[in-house]
Amino acid sequence: RDVKVEDLLGRDEINLEEEKSFKNIKNKNVMVTGAGGSIGSELCRQIAASGPKKLIMVDIYENSIYDVEQELKRKYGEKLKLDVRVASVRDSKKMDALFAETKPQIVFHAAAHKHVPLMETSPEEAVKNNVCGTYNVALCADKYGVGTFVLISTDKAVNPTSIMGATKRICEMVIQAMSKASKTRFVAVRFGNVVGSKGSVIPLFKEQIANGGPVTVTHPDIVRYFMTISEAVSLVITAGEIAKGGEVFVLDMGHQVKILDLAENLIRLAGFMPYKDIPITFTGLRQGEKLYEELLLSEEGITETEEKKIFIGNPGEIDKDRFFKRLLELKATAYGNDRKDVKEMIIEMVPTFKREEQITEEVYY
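Being a predicted model, the structure only gives us computed values, none of them experimental.

**Quick notes on the pairing of strand S5 (residues 148-154)**
S5 sits mainly inside the fold: 7 of its 7 residues count as buried. Where burial is concerned, the two faces of S5 agree: the one with Thr148, Val150, Ile152 and Thr154 and the one with Phe149, Leu151 and Ser153 are both buried. Across 7 bridges, the pairing between S5 and strand S6 (residues 185-191) is parallel. Its bridge partner being in S6, Phe149 is matched across the sheet by Phe186. After leaving S5, the chain enters helix H7 (residues 163-179) and then returns to the sheet as S6, a path that is right-handed.

As structure tokens, this is what we get:
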């Protein structure tokens, strides 16, 4: 049978009261960057369902954003005012013009490069898109008086071992620094892997099973936190509702799931026997990949919120002026396409970065 991703979580799905989650979105101009992606498109669906004044969808990849636009038009017709733009968050002048014209009141920033191995070999692109893109959109949010700005972050930002994770930690630092001197409520929301998202492990396993195997797992002990896309987005919107500014929200995703168990269960649910009908092979951890993810830095601690599934991490203080000076140096180096220097600067800006020699005991070949 076709497997529902919810079958694989090993826990009940999180359900929030929708009217409580989405009340601040009603009759507002809401912008979503990365609107064609897995998280961005689900944000658009849930925002559309809550009656915004206007939904501004921004993405550089026109095919994905077109598909989401057509889906929402079919469902809502003239009831939903859509403003769909093909644009890159890297282009600061374009972002400025876009904000001046569309006047968003709430921004969900989901545009990012997310693939860990690819960003290891293209660190300058990770900086241009993730760090500079976040900075460009955040500056516009401050300049044009946006009420709330929500950054989509990741558990890979915690004690990062990868360039992608480290750039997302710098994105969080942008949010923390911006919130110190802005009327806009800047917040970040961290969560783990989204089950069934584009380029994630479930679609890959399904494709491998359909082809008769083998199903490839990097390590027999590797574990990850998982959420469904709708869970993640509901919690992101709710975090935006309760934001006061400067928070790094952490979503409770239950226990980590063993990827090997996920592979075996998926094979069984597809009607086959693991190892007998469909082989499983171990390929070794990829560059920058951890055996397990963390949701908090050890020094952060955690604060409860009124929502039992949402907590606030407390990252260390940031010297705003020094940080922005280093950020501009990082930007210049990235646009100079100096890959080696970019990597060293990223590592230097993120004190919790774990270099390869510090994680050798976790690596399996």
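**Thoughts on the nonpolar core**
Ranked by size, the top nonpolar core spans 50 residues in total, and within it Phe149, Ile170 and Phe323 carry the most contacts. Looking at which element gives the most residues to this core, the answer is H7, with 10 residues. Aside from chain neighbours lying at most four places away, what touches Phe323 is Ile170, Met173, Val174, Ala177, Ile318 and Met349. One finds Ala48, Ile65, Val150 and Leu235 within the second-largest nonpolar core, a separate group that totals 42 residues.

**A word on the packing of aromatic side chains**
Summed over all chains, the structure comprises 4 aromatic pairs. Taken together, a centroid distance of 5.5 Å and an interplanar angle of 55° make the contact between Phe323 and Phe324 tilted. Given a relative accessible area of 6%, Phe323 falls into the buried group. Linked through ring pairs, Tyr135, Phe323 and Phe324 together constitute an aromatic cluster. Over the ring of Tyr335 we find Lys128, and its NZ or CZ is 5.3 Å from the ring centre.

**Considerations on empty space enclosed by the protein**
Using the criterion set out here, one finds 1 cavity of 30 Å³ or more in the structure. Put simply, the largest cavity is a space of about 30 Å³. Taken together, Val131, Cys132, Tyr135, Leu327 and Lys331 form the lining of the largest cavity. If you list the elements that add at least two residues to the lining of the largest cavity, you get helix H6 (123-143) and helix H11 (320-335). For the lining of the largest cavity, the element with the highest residue contribution is H6, accounting for 3 residues. By residue class, the composition of the lining of the largest cavity is 4 nonpolar, no polar and 1 charged.

**A short note on the sheet that holds S5**
Backbone-to-backbone hydrogen bonds join strands into a sheet, with any given pair of strands oriented parallel or antiparallel. Spatially, S3-S2-S1-S4-S5-S6-S11-S15-S14 is the arrangement adopted by the 9 strands of the open sheet, whose pairing is mixed. Looking at the sheet topology across the chains shown, the edges are occupied by strand S3 (82-86) and strand S14 (302-304). When the angles between neighbouring strand axes are averaged without regard to direction, this sheet yields 25°. When strand S1 (residues 29-33) meets strand S4 (residues 106-109), the two strands line up parallel, connected through 4 bridges. When the bridges of S4 are listed, Met31 appears paired with Val107. Sheet strands in contact with helix H2 (residues 38-48) are S1, strand S2 (54-59), S4, S5 and S6, and its direction is about 165° off that of S1.

About the thresholds
Residues numbered from 1 in each chain as written. Predicted model: local features only at pLDDT ≥ 70, side-chain atom pairs only at ≥ 80, totals over all residues. Heavy atoms only, no water. Buried < 20%, exposed > 50% of the residue type's maximum accessible area, 1.4 Å probe, protein only. Helix = DSSP H or I, 4+ residues; strand = E, 2+ residues; numbered from the N terminus. Pairing = 2+ DSSP bridges. Right-handed = clockwise from strand over helix to strand, strands pointing away. Core = buried A, V, L, I, M, F, W, Y, C linked by side-chain atoms within 4.5 Å. Contact = heavy atoms within 4.5 Å. Phe/Tyr/Trp six-rings, centres within 6.5 Å; stacked < 30°, edge-to-face > 60°. Lys NZ or Arg CZ within 6 Å of the ring centre and 35° of its normal. 1 Å grid on protein atoms, 1.4 Å probe; cavity = no way out; pocket = protein on both sides within 12 Å on 5 of 7 lines; lining within 4 Å. Points joined across faces, edges and corners; volume = space filled by probe spheres on them. Nonpolar A, V, L, I, M, F, W, Y, C, P; charged D, E, K, R; others polar. Axes fitted to C-alpha atoms, helices over the stretch in contact; angles between N-to-C directions.

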